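# Structural description and commentary
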Amino acid sequence: MEPVLWVRGRMMPLVRDDVDTDQIMPKQFLSRVERDGFGEFVFHEWRRDPEFVFNDPRFSGARILVAGSNFGSGSSREHAVWGLQQYGFDAVVAPSFSDIFTGNCAQAGVVPAVVPPELCRSLQAAAERDPDSGVELDLTTMRVMWTGGSGTFHLDDQVREVLLHGLDDVALVLGQLDVITQYERARPAWMPHLDVSVVPGAAVGPDAGTTP
Amino acid sequence: MGKTLAQKLWEQHLVDRIRGRDLLYIDLHLVHELSPQAFGGLDIRGLPVRRPAATVATMDHNVPTGDRSAPLRDPLAAAQLDLLRRNCATHGVPLFGLGSHRQGIVHVLGPETGLTRPGITVACGDSHTATHGALGALAFGIGTSQVEQVLATQCLLVNPLRQLAVEVDGALPVGVTPKDLALTVVRLLGFGGATGYAVEYRGAAVRALSVEGRLTLCNMSAEAGARVGLIAPDDTTLAYVRERRFAPIDEAWREAERDWRALRTDGDAAFDRVVSLRADEIEPTVTWGTTPAMSVPVGGRVPKPEESPNGNQAEQALDYMGLVGGERIVDLRLDRVFIGSCTNSRIEDLRMAANVLDGRKVAHGVKAMVVPGSVPVKIQAEQEGLDEVFRRAGFEWREPGCSLCLGMNEDVAERGERIASTSNRNFEGRQGAGARTHLVSPAMAAAAAVTGHFVDVREV
């Protein structure tokens with residue numbers, strides 16, 4: 001993943017709390033087995049409403065979504081983050097995010113910037129006032145700057161670390177394989193273990209066992 | 001100072017610290033068909049699944065619940081299921097897929113097989129993974145990238161969680177179920193109110209719950225925003241695990257029993273936050289809005305926007321739900337009833353509903369379905385004759401899966417339909433675009449099915 005040092009662009013205000021991932025990426029698109037092509041399905045239902053902010057041409061091309069508290073709640077579907085990213089967002093700014101959504105953002109390289117509710121409202125107002133004005137989130141200084149003001153945003157330290165250095169968590173953990181192997185040697189005997197070759201009823205392939 | 005149960009489990013599974021994050025070993029990784037991209041990631045890296053014997057797959061989210069002898073009608077679902085089969089075959093991962101006698105919702109299958117057990121860590125690409133904490137496990141819901149991480153390394157990089165105790169004293173009144181307790185806890189904590197916390201459920205009312213009731217309670221930790229929910233293992237837990245198919249046996253069981261009995265929060269452990277409630281005061285509960293925290297007792301009314309802390313949001317919710325506020329809950333007429341989901345599809349849930357239904361008929365115009373959580377649940381229910389009770393009442397008796405909880409398969413509600421559902425989420429469009437979900441217990445859902453509107457199950 002590429003390091004993310006800053007994000008700059010125009011804002012789109014989404015004035016609503018508790019936006020859940022069922023809204024961001026409705027279930028009918030979770031059957032797709034690809035990792036790309038989700039952008040067009042973002043907020044699929046809400047976009048049927050001509051008044052919905054995603055249909056407002058003033059905000060087309062926005063790169064920063066300024067949302068309400070508890071954004072990304074509910075289902076763990078990472079497809080929600082992929083969709084937002086592939087639609088064109090590099091960051092979501094909100095007073096709070098769900099835990100899993102925050103983690104998913106970090107993995108995808110989207111910045112889940114936490115700001116106090118007042119600051120969030122100021123940003124939304126600024127976007128409404130002047131949709132062409134931009135905002136910058138600097139991950140080095142943790143400052144948010146826009147036409148008419150500036151403030152501080154918060155990122156979980158570890159999320160920031162992942163984004164700033166473009167860390168690949170799988171590679172990072174694979175670097176510790178010897179420690180993991182050592183840990184494994186001392187595990188108790190009662191841990192779950194299901195070997196396909198010896199357990200009846202657990203099958204691989206299409207002919208999964210049908211007899212108890 | 002003492003430690004909480006979650007902290008102890010965390011420490012027992014701590015492999016390393018990497019750049020500020022804790023690396024936890026994952027003892028059981030449950031997989032379903034919605035994370036093919038994670039296997040795709042492994043393939044790109046040229047990596048195997050590190051511990052196929054600690055990885056168990058099933059098919060639940062996207063499977064048909066009707067006739068399974070015919071080929072799948074949805075080509076995307078068929079391709080997704082097929083890809084899971086191929087990925088499991090390639091990597092030697094045991095799969096309880098369609099046709100297997102253990103297929104079921106991943107959060108039903110884990111506990112039911114005994115693969116989920118006290119003292120372990122569980123990960124699954126699903127936010128309701130907290131369910132497994134009911135047995136005294138530390139269980140994490142994760143996204144697809146982290147599924148790839150666990151497949152590749154059998155470990156998970158995580159941030160420490162704060163500790164929240166939910167103390168439930170007293171006893172649940174007759175007719176009040178674990179689901180009502182869960183809905184009440186979510187209302188108290190708020191939707192997302194436990195974000196960043198591990199929630200330990202404690203107190204006399206929790207200890208009095210069966211394992212199935214505990215699974216229902218821990219399941220809805222996700223609705224409060226908690227990634228982890230758990231209950232200390234006790235005699236009830238051990239008796240449940242012992243008779244499971246894949247439970248440890250002989251010497252391993254004796255060792256396990258010794259280790260598991262030590263799994264409890266120390267008397268002098270400090271929680272970051274404690275929330276207390278009395279079980280005696282809980283009533284059968286119904287959600288009225290579009291978050292699981294928007295609920296009232298069945299005897300109550302839908303709140304008006306000005307009575308809600310966030311008036312705008314309440315107004316949006318009421319608008320979506322086709323309500324204005326002020327309606328009596330018992331006056332809400334229903335089009336559909338769904339009994340199922342990882343919250344309420346186990347044998348005790350079905351017994352509870354069948355008990356209400358016995359000898360009664362589903363009200364005219366109401367479509368009602370039961371979707372057992374797994375093949376073993378379905379078989380057991382049939383052995384007990386519950387399927388007949390449901391069928392005679394006018395319910396459809398279907399094959400196991402997630403079904404109408406999220407409406408990924410063909411089980412989708414229609415626009416404007418009002419549904420009494422035993423699932424966990426009443427989000428807009430969750431059960432179908434424009435469909436209106438009210439979350440209730442299985443007993444309340446059954447009572448609503450026969451009367452055609454909500455009713456206090458204690459009065460039926």
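Since this is a predicted model, take the numbers as computed values, not measurements.

Overall, the coordinates contain 49 salt bridges over all chains when judged by the stated rule. Across the pair Asp27 of chain B and Arg187 of chain A runs a salt bridge, and its minimum N-O distance is 2.7 Å. A residue pair is termed interchain when its members come from two chains, as with Asp27 of chain B in the loop between β2 (21-25) and β3 (28-31) and Arg187 of chain A in the segment after α7 (177-185). The salt bridge involving Arg458 of chain B is made with Asp456 of chain B; its shortest N-O contact spans 2.9 Å. Of the residues examined, Arg458 of chain B reaches a relative accessible area of 38% and is grouped as partly exposed.

Here the focus is the packing of helix α8 (residues 211-219) of chain B against helix α12 (residues 347-357) of chain B. Residue and element names in this part refer to chain B. Two numbers describe how α8 lies on α12: the axes approach to 8 Å, and their chain directions differ by 100 degrees. Relative to α12, α8 is oriented roughly perpendicular. In this structure, α8 uses Glu212, Gly213 and Thr216 to contact α12, whose residues at the interface are Ile347, Glu348 and Asp349. Of the residues belonging to the contact of α8 with α12, the class tally is one nonpolar, two polar and three charged.

Here we come to the domain arrangement of chain B. All names here are of chain B. If you check the domain split of chain B, you get domain 1 (7-158), domain 2 (162-233 + 264-281) and domain 3 (285-459). For domain 2 versus domain 3, the separation of C-alpha centres amounts to 22 Å. The partner domain 3 presents 27 residues to the 21 residues of domain 2 that form the contact. Summed over both sides, the interface of domain 2 with domain 3 buries roughly 1800 Å², with 56% coming from carbon and sulfur. On the domain 2 side of the interface with domain 3, the three residues burying the most area are Lys179, Arg187 and Glu212, jointly 30% of the side's total. Here Glu223 ties to Arg425 by a salt bridge, and the two come within 2.8 Å at their closest N and O atoms. For the pair domain 2 and domain 3, the interface holds 13 residue pairs in polar contact (both at pLDDT 80 or more). A total of six residues in the side of domain 2 that touches domain 3 trace back to one element, the largest contributor, which is helix α6 (residues 178-189). For the side of domain 2 that touches domain 3, the per-class residue count stands at eight nonpolar, eight polar and five charged.

Right, let's get into the interface of chain B and chain A. The partner chain A presents 75 residues to the 93 residues of chain B that form the contact. Together, the buried faces of chain B and chain A total about 6600 Å²; carbon and sulfur atoms form 56% of this surface. Its largest share of buried area at the contact with chain A, chain B owes to Arg19, Gln37 and His101 of chain B, together 10% of the area lost on that side. Taken together, the connections running from chain B to chain A amount to 10 salt bridges. Note that Glu184 of chain A and Arg50 of chain B form a salt bridge whose closest N and O atoms lie 2.6 Å from each other. For the pair chain B and chain A, the interface holds 35 residue pairs in polar contact (both at pLDDT 80 or more). A per-element tally of the side of chain B that touches chain A places helix α5 (residues 144-153) of chain B first, with seven residues. Considering only residue class, the side of chain B that touches chain A consists of 40 nonpolar, 34 polar and 19 charged.

The next subject is the sheet that holds strand β9 (residues 162-169) of chain B. Residues and elements named next belong to chain B. Here we have four strands laid out as an open sheet, ordered β11-β10-β9-β12, and parallel in their pairing. Strands at the two margins of the open sheet, each flanked by one partner only, are β11 (228-230) and β12 (273-278). Across the sheet, the mean angle separating the axes of adjacent strands is 20 degrees when strand polarity is ignored. Bridging between β9 and strand β10 (residues 197-202) involves six bridges; their strand directions are parallel. Opposite Ala165, over in β10, you have Glu200 as the bridge partner. Across the sheet, helix α1 (residues 5-12) touches β9, β10 and β11, and the angle it forms with β11 is around 115 degrees. Running over the sheet, α6 touches β9, β10 and β12 and is turned about 135 degrees from β12.

All names here are of chain B. If you trace the backbone, Ser403 turns up in the loop between β17 (396-397) and β18 (418-421). Residue class for Ser403 comes out buried when judged on its relative accessible area of 0%. Measuring from C-alpha to C-alpha, the distance between Ser403 and Gly229 comes to 24 Å, with 174 residues separating the pair along the chain. Residues contacting Ser403, with those up to four places away along its chain left out, are Thr65, Phe338, Met369, Val371, Met408, Asn409 and Asp411.

Glancing now at the confidence of the model for chain A. Chain-level statistics for chain A give a pLDDT mean of 93 and a share of 93% at 70 or above. Predicted confidence is poor over residues 204-212 of chain A, with pLDDT under 50, and the contacts of this stretch with residues over four places away or in other chains come to 25 contacts.

Another aspect to go through is the nonpolar core. Counting residues in each nonpolar core, the largest one holds 127 residues, and the members touching the most others are Phe43, Phe71 and Leu84 of chain A together with Phe390 and Phe395 of chain B. The greatest single-element share of this core, amounting to eight residues, is contributed by helix α15 (residues 442-451) of chain B. Mapping this core onto the domain boundaries places at least three of its residues in each of domain 1 (7-158) and domain 3 (285-459) of chain B. Non-local contacts of Phe395 of chain B, meaning those with residues more than four positions away in its chain, are made with Val337, Ile339, Leu357, Val362, Ala368, Met369, Val370, Phe390 and Ala449 of chain B. Judged by nonpolar contacts, the second largest core, of 95 residues, contains Leu42, Val49, Val186 and Leu217 of chain B.

Turning our attention to the sheet that holds strand β8 (residues 155-158) of chain B. Residues and elements named next belong to chain B. Overall, antiparallel pairing links the three strands, which are arranged β1-β2-β8 in an open sheet. Here the strands that pair on one side only, and so sit at the sheet edges, are β1 (14-18) and β8. On average, each strand axis in the sheet is tilted by 25 degrees relative to the strand beside it, whichever way the strands run. Pairing between β2 and β8: four bridges, direction antiparallel. Across the sheet, Leu23 pairs through a bridge with Leu157, a residue of β8.

Bringing unusual backbone geometry into the picture now. Residues and elements named next belong to chain A. For Asp18, which is not glycine, the phi dihedral falls at a positive 60 degrees. Take Asp18: it is sitting in the loop between β1 (6-13) and α1 (21-24). According to the relative accessible area criterion, Asp18 is buried, its value standing at 15%. For Phe43, which is not glycine, the phi torsion reads 50 degrees and is therefore positive. Secondary-structure assignment places Phe43 in the loop between α1 and β2 (64-66). The class for Phe43 is buried, based on a relative accessible area of 0%.

Conventions and cut-offs
Residues numbered from 1 in each chain as written. Chains lettered and ligands numbered in written order. Predicted model: local features only at pLDDT ≥ 70, side-chain atom pairs only at ≥ 80, totals over all residues. Heavy atoms only, no water. Salt bridge = Lys/Arg side-chain N within 4 Å of Asp/Glu carboxyl O. Helix = DSSP H or I, 4+ residues; strand = E, 2+ residues; numbered from the N terminus. Buried < 20%, exposed > 50% of the residue type's maximum accessible area, 1.4 Å probe, protein only. Axes fitted to C-alpha atoms, helices over the stretch in contact; angles between N-to-C directions. Parallel < 35°, antiparallel > 145°, perpendicular 65-115°, else oblique. Contact = heavy atoms within 4.5 Å. Nonpolar A, V, L, I, M, F, W, Y, C, P; charged D, E, K, R; others polar. Domains from an automatic or database assignment. Buried area = accessible area lost by both parts, 1.4 Å probe. Polar contact = N/O pair within 3.5 Å; in protein donor to acceptor, adjacent residues only side chain to side chain. Pairing = 2+ DSSP bridges. pLDDT = per-residue confidence, 0-100. Core = buried A, V, L, I, M, F, W, Y, C linked by side-chain atoms within 4.5 Å.

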